[in-house]
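Given next are the chains, with one letter for each unit.
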Amino acid sequence: MIRPRFFFDNAPFLAVGVLLTFLSSFGQTFFISIFAGEIRATFNLSHGAWGGLYMIGTSASALVMIWAGSLTDHFRVRSLGPVILFGLACACVAMALNPYAALLPVVIFALRFFGQGMTSHIAVVAMARWFIARRGRALAIAALGFSVGEALLPLLFVSLMTVIDWHLLWIVGAGACLLGGPILFWLLGKERTPQALAASESNTGMDARHWRRPEALRHPLFWCMVPAILGPSAFITAFFFHQVHLAGIKGWSHVEFVAFFPLYTVTSIAAMVAAGWALDRLGTARLMPFYQLPLAAGFLTLALSTTPLGLALGILLLGLATGANATLPNAFWAEFYGTAHIGAIKALAAAVMVLGSAIGPGLTGLLIDLGVGLETQFFGVAAFFVATSLLMGWGVRRAAQSLA
């Protein structure tokens with residue numbers, strides 16, 4: 001489905017996408033949550049307190065993303081990328097050295113802003129801008145970095161924690177981010193500016209024009225998409241954030257639990273490639289209303305499962321939706337709103353996504369403290385994704401009539 005010539009002709013640009021999405025892992029919840037037990041024990045935090053601190057830091061990063069995300073419309077990736085990666089490295093060092101619980105929101109802010117926020121945002125905007133006819137394939141390849149990180153880092157670092165102090169492992173993460181900067185600069189020695197691309201290779205959106213951010217905010221389609229952007233980030237984040245707690249109530253060790261993550265990764269990779277291939281042929285309008293339905297089925301399965309087989313099925317369903325989510329929504333913004341101002345518009349979506357990742361752990365942690373178990377919560381999560389799919393389908397089909 002991805003021709004070798006396409007890959008080799010565009011290898012430096014695609015490698016940039018993979019590198020950035022992989023390094024964003026050090027600011028993603030699935031990585032931070034590996035250390036949840038150690039952080040809670042070190043600072044004597046309950047599930048609700050840890051989730052609340054996480055929510056504060058992540059919410060702050062979402063607010064800053066609204067402004068910072070638009071920088072991708074004005075600066076080259078090879079200029080902006082190394083700066084962001086240096087910031088992420090500093091955030092990793094701060095997590096390793098921080099002795100005070102009161103500073104945790106600041107550390108979380110830095111990890112989430114530089115990692116989940118800007119590093120992944122730069123990668124996605126670059127793929128959407130650099131590729132038009134093969135945008136779906138490019139986004140799918142770039143998103144492989146997320147999948148590799150999700151597959152390898154939890155199992156690797158959970159295993160290393162049995163022999164190495166967890167603080168030192170954050171120093172390892174900082175070193176990886178520092179190495180990424182020079183590699184990024186080298187790969188993009190001939191990168192064109194965003195302004196040049198906008199003038200020469202841009203494609204328009206609805207009504208055959210390029211939409212600006214204030215115009216997008218006034219259009220009902222954006223608000224139909226908000227729950228669909230927020231939901232996966234909130235509740236998949238909550239799933240990974242509470243992985244230690246969930247493994248405990250299911251009766252498995254943490255290592256046994258994370259051993260299922262490669263299944264999640266393989267499924268999400270397959271879904272990413274399939275979604276990229278499909279959207280290049282069918283467009284996002286036909287696919288968007290359906291891609292979150294596996295999330296509803298996945299959380300329902302996780303709520304009901306009592307065996308490793310049930311857990312495997314639930315994780316597989318989450319992987320299907322996660323793979324599609326890494327490709328379809330990112331192409332959606334360029335297809336419906338054009339590419340000239342895609343950085344500013346995508347920054348809004350990134351801010352909503354980051355906000356969702358703040359709400360998920362905070363809300364679910366509070367409910368756990370109030371006596372509402374994760375398994376009970378997952379029934380409500382499943383119903384949420386059915387509702388968002390219906391709303392998204394209505395909005396996308398209505399707006400698709402304005403596409404050329």
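Anything mentioned here points back to the structure above.
Overview of the structure. Note that this is a predicted model, so its numbers are computed, not measured.

What counts and what doesn't
- Residues numbered from 1 in each chain as written.
- Predicted model: local features only at pLDDT ≥ 70, side-chain atom pairs only at ≥ 80, totals over all residues.
- Heavy atoms only, no water.
- Helix = DSSP H or I, 4+ residues; strand = E, 2+ residues; numbered from the N terminus.
- Buried < 20%, exposed > 50% of the residue type's maximum accessible area, 1.4 Å probe, protein only.
- Areas by Shrake-Rupley, 256 points an atom, 1.4 Å probe, with all protein chains shown as cover.
- Lys, Arg positive; Asp, Glu negative; His and termini not counted.
- Charge placed at Lys NZ, Arg CZ, Asp CG, Glu CD.
- Arc of directions from axis to C-beta.
- Contact = heavy atoms within 4.5 Å.
- Polar contact = N/O pair within 3.5 Å; in protein donor to acceptor, adjacent residues only side chain to side chain.
- Core = buried A, V, L, I, M, F, W, Y, C linked by side-chain atoms within 4.5 Å.
- Disulfide = S-S within 2.5 Å.
- Patch = residues over 30% accessible without salt bridge, like charges linked within 9 Å, V, L, I, M, F, W, Y side chains within 5 Å.
- Salt bridge = Lys/Arg side-chain N within 4 Å of Asp/Glu carboxyl O.
- Phe/Tyr/Trp six-rings, centres within 6.5 Å; stacked < 30°, edge-to-face > 60°.
- Lys NZ or Arg CZ within 6 Å of the ring centre and 35° of its normal.

## As for the overall build of the protein
Inference 1: Across its full length, the protein carries 21 helices and 0 strands.
Inference 2: Taking all 404 residues of the protein together, the buried fraction comes to 59%.
Inference 3: Per element, the accessible surface of the protein, about 15,300 Å² overall, is 71% carbon and sulfur.
Inference 4: Once the 22 positive and 14 negative side-chain charges of the protein are each reduced to a mean point, those two points are 11 Å apart.

## Here we look at helix α14 (residues 243-250)
Inference 1: Within the span of α14, buried status applies to Gln-243, Leu-246, Ala-247 and Lys-250. Along the long axis of α14, the arc covered by the buried residues comes to 100 degrees, so they all point the same way.
Inference 2: In this structure, the buried residues of α14 make contact with α3 (29-32), α13 (220-241), α15 (254-258), α16 (261-282), α17 (293-304) and α21 (374-399).
Inference 3: Just downstream of α14, Gly-251 is the residue with a positive phi angle, here 90 degrees.

## Some remarks on the side chain of Ser-70
Inference 1: The topology assignment puts Ser-70 in the loop between α5 (47-68) and α6 (77-97).
Inference 2: Accessibility expressed as a relative area gives 15% for Ser-70, which makes it buried.
Inference 3: A distance of 2.7 Å separates a polar side-chain atom of Ser-70 from the backbone oxygen of Trp-67.

## What about the nonpolar core?
Inference 1: Counting residues in each nonpolar core, the largest one holds 125 residues, and the members touching the most others are Phe-35, Trp-50, Trp-170, Phe-299, Trp-333 and Tyr-337.
Inference 2: When neighbours within four sequence positions are excluded, Phe-299 is seen to be in contact with Phe-235, Ile-236, Phe-239, Leu-318, Phe-378, Val-381, Ala-382 and Phe-385.
Inference 3: Counting residues in each nonpolar core, the second largest holds 5 residues, with Ala-140, Phe-146, Met-272 and Ala-326 among its members.

## Re the state of the cysteines
Inference 1: Summed over all chains, the structure comprises 0 disulfides.
Inference 2: Left without a disulfide partner, Cys-90 is nearest to the cysteine sulfur of Cys-92, which lies 9.3 Å away.

## Observations regarding a nonpolar patch on the surface
Inference 1: Among the surface-exposed residues, Val-163, Ile-164, Leu-168 and Ile-171 lie close enough to one another that they form a single nonpolar patch of about 350 Å² accessible area.
Inference 2: The residue Val-163 is located in the loop between α9 (144-160) and α10 (166-187) in this model.

## Remarks on unusual backbone geometry
Inference 1: With a phi angle near 55 degrees, Asn-44 is a residue other than glycine that sits in the positive phi range.
Inference 2: Examined against the element boundaries, Asn-44 turns out to sit in the loop between α4 (36-43) and α5.

## A closer look at the packing of aromatic side chains
Inference 1: Evaluated as defined, the whole model comprises 26 aromatic pairs.
Inference 2: Relative to Phe-240, the ring of Phe-239 lies with its centre 5.3 Å away and its plane at 70 degrees, an arrangement referred to as edge-to-face.
Inference 3: Residue classification places Phe-239 among the buried positions, given a relative accessible area of 1%.
Inference 4: Three or more aromatic residues joined by ring pairs make a cluster, and in this case those are Trp-211, Phe-222, Trp-223, Phe-332, Trp-333, Phe-336 and Tyr-337.
Inference 5: One Lys or Arg, Arg-78, reaches over the ring of Phe-185 and ends 5.5 Å from the middle of that ring.

## Re the environment of Arg-134
Inference 1: Inspection of the secondary structure assignment puts Arg-134 in the loop between α7 (104-130) and α8 (135-142).
Inference 2: Put simply, Arg-134 and Trp-277 are 143 residues apart on the chain and 8.6 Å apart in space, counted from C-alpha to C-alpha.

## A look at the environment of Gly-69
Inference 1: In this fold, Gly-69 is placed in the loop between α5 and α6.
Inference 2: Sequence separation of Gly-69 and Ala-91 is 22 residues, and the distance between their C-alpha atoms is 19 Å.
Inference 3: Dropping the residues within four chain positions of it, Gly-69 is found in contact with Met-118, His-121, Gly-343 and Ala-347.

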